[in-house]
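Here are the chains, one letter per residue:
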Amino acid sequence: MIIELKENIPHGTKEYPYDQYFIRNVRHPFQFPVHWHDELEIIYIRQGILHVSIEGQDYAGHSGSIFIVNPRELHFMGSDDLSVAYFTLLFPLEFISFQTMDGLESDLLMPLRSGQLQFPREISDPVLLKELCDILENIVLLNQEASSLHCQIETRLFLLKILNLMEKHHLLLTSSLPGSQINLQREMLSYIQEHFTEKLSLKELSFKFHLSEKYISRYFKEHFKLTFSDYVNHLRLTCAKRLLETTKLPVTEVALCAGFPNVSHFIRMFKRQYGNSPLKYRKSF
């Protein structure tokens, strides 16, 4: 699974804007590239070791660990542990809001939606962690089958219980403005996101951000745990994969539209990433 800087993947539906993913049975070490989305994300590790980075802060999670990614925070995760199994739960904060303009709305829910208040990124209290794990297991179980009104009500109640525990334990934090380093990350990644289908190089990035090519190359490896070219290829492969799924464009045109300089390089990269040639992938989709 490849995820872009700004995820354009819809999570849930308009009628039920909640979604969950269970990542397990990985065949090789992996890393989801750095990205962000408008939804709150709860990462719950059931087994194994998962490395998580949120806004430049690195965490090492293990069985029973919980991490929370606030809306629009840059984050990525990966693991060398082939036994790792974890859930990600995603939903917009509007999902647990109300339409009444009361004290709860003005003092808690609205500040959360606007980013003035934020959830903690890591839960460390062992007693609270156990209680939260039990709640998350209930939510996951509820949403393994087709959703019903009962499922939606119960899920909201459990998520509100999580919010209540955060407030009860005084864990909700006042937001601080991102530092200059985080701003640089956002600007650099946003620029690549906008131009990855074009001829893009370290030299161009160096000119754009007034930094040396060597510095940018080192910066990518240090902060995002992958090279500049690996990140660009991730974006191009994701774009190509979606074009294969949603259009009837010839493979050559798909390669060019996604930013690959030639079709043979594209086919080789695609097969290495997805295990099939572009044509076979399209037929099997």
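Note that the structure is predicted; figures quoted are calculated from it, not measured. (Residues numbered from 1 in each chain as written. Predicted model: local features only at pLDDT ≥ 70, side-chain atom pairs only at ≥ 80, totals over all residues. Heavy atoms only, no water.)

Points about the packing of helix H5 (residues 202-209) against helix H6 (residues 213-224)
A pair of packed helices is captured by two measures, namely the crossing angle of their axes and the spacing between those axes.
So, point 1. At a minimum axis distance of 9 Å, the contact between H5 and H6 shows a crossing angle of 105°. Of the possible angle classes, the one that applies to H5 and H6 is roughly perpendicular. Here Leu-202, Lys-203, Leu-205 and Ser-206 of H5 come into contact with H6, specifically with Glu-213, Ile-216, Ser-217 and Phe-220.
So, point 2. For the contact of H5 with H6, the class distribution of residues is four nonpolar, two polar and two charged. (Axes fitted to C-alpha atoms, helices over the stretch in contact; angles between N-to-C directions. Helix = DSSP H or I, 4+ residues; strand = E, 2+ residues; numbered from the N terminus. Parallel < 35°, antiparallel > 145°, perpendicular 65-115°, else oblique. Contact = heavy atoms within 4.5 Å. Nonpolar A, V, L, I, M, F, W, Y, C, P; charged D, E, K, R; others polar.)

Section: the state of the cysteines
So, point 1. For the coordinates displayed, the defined rule picks out zero disulfides.
So, point 2. The thiol of Cys-151 is not disulfide-bonded; the next cysteine sulfur, from Cys-133, is found 20 Å away.
So, point 3. What makes Cys-151 buried here is its relative accessible area of 2%.
So, point 4. In this model Cys-257 remains outside any disulfide bridge; the closest cysteine sulfur is found in Cys-239, 7.4 Å from its own. (Disulfide = S-S within 2.5 Å. Buried < 20%, exposed > 50% of the residue type's maximum accessible area, 1.4 Å probe, protein only.)

Side note on the pairing of strand E3 (residues 40-47)
So, point 1. With respect to burial, E3 is a largely interior element, six of its eight residues being buried.
So, point 2. Examined bridge by bridge, E3 and strand E8 (residues 85-91) share seven bridges and lie antiparallel to one another. Within the sheet, the bridge partner assigned to Ile-42 lies in E8 and is Leu-89. (Pairing = 2+ DSSP bridges.)

Some details on the nonpolar core
So, point 1. The biggest cluster of nonpolar side chains holds 36 residues, and the ones touching the most others in it are Ile-192, Leu-205, Phe-220, Phe-224, Tyr-231 and Phe-266.
So, point 2. For this core, the secondary structure elements donating two or more residues are helix H4 (180-195), H5, H6, helix H7 (228-246), helix H8 (251-257) and helix H9 (263-274).
So, point 3. Here this core takes nine residues from H7, the largest share from any one element.
So, point 4. When sequence neighbours within four positions are dropped, the list of residues in contact with Phe-224 reads Gln-31, Val-34, Phe-76, Gln-185, Leu-189 and Tyr-219.
So, point 5. By size, the runner-up hydrophobic cluster in this structure holds 35 residues, among which are Phe-87, Leu-93, Leu-117 and Phe-119. (Core = buried A, V, L, I, M, F, W, Y, C linked by side-chain atoms within 4.5 Å.)

Comments concerning the sheet that holds strand E1 (residues 19-23)
So, point 1. Pairing within the open sheet is antiparallel, and its four strands lie in the order E1-E8-E3-E6. The outermost strands of the open sheet, each flanked by one partner alone, are E1 and strand E6 (66-69). Pairs of neighbouring strands in the sheet enclose a mean axial angle of 15°, with direction left out of account.
So, point 2. As paired elements, E3 and E6 share four bridges and run antiparallel to each other. Directly across from Ile-42, in E6, lies its bridge partner Ile-68.
So, point 3. Against the sheet, helix H2 (residues 126-142) contacts E1, E3, E6 and E8, and its axis sits at roughly 100° relative to E3.

Regarding the packing of aromatic side chains
So, point 1. In total, this model carries 17 aromatic pairs according to the counting rule given.
So, point 2. On the numbers, 5.9 Å between centres and 35° between planes, the contact of Tyr-16 with Tyr-18 is tilted.
So, point 3. Note on Tyr-16: relative accessible area 7%, which makes it buried.
So, point 4. Each ring, one from Tyr-16 and one from Phe-95, has its centre 5.8 Å from the other, and the planes form 55°; the classification is tilted. Placement of Tyr-16 in the segment before E1 and of Phe-95 in the loop between E8 and helix H1 (103-114) is noted, with a sequence separation of 79 residues between them. The pair Tyr-16 / Phe-95 is uniform in exposure class, with both members buried.
So, point 5. Among the aromatic residues, ring-to-ring pairing joins Phe-260, Phe-266, Phe-270, Tyr-274 and Tyr-281 into one connected group. (Phe/Tyr/Trp six-rings, centres within 6.5 Å; stacked < 30°, edge-to-face > 60°.)

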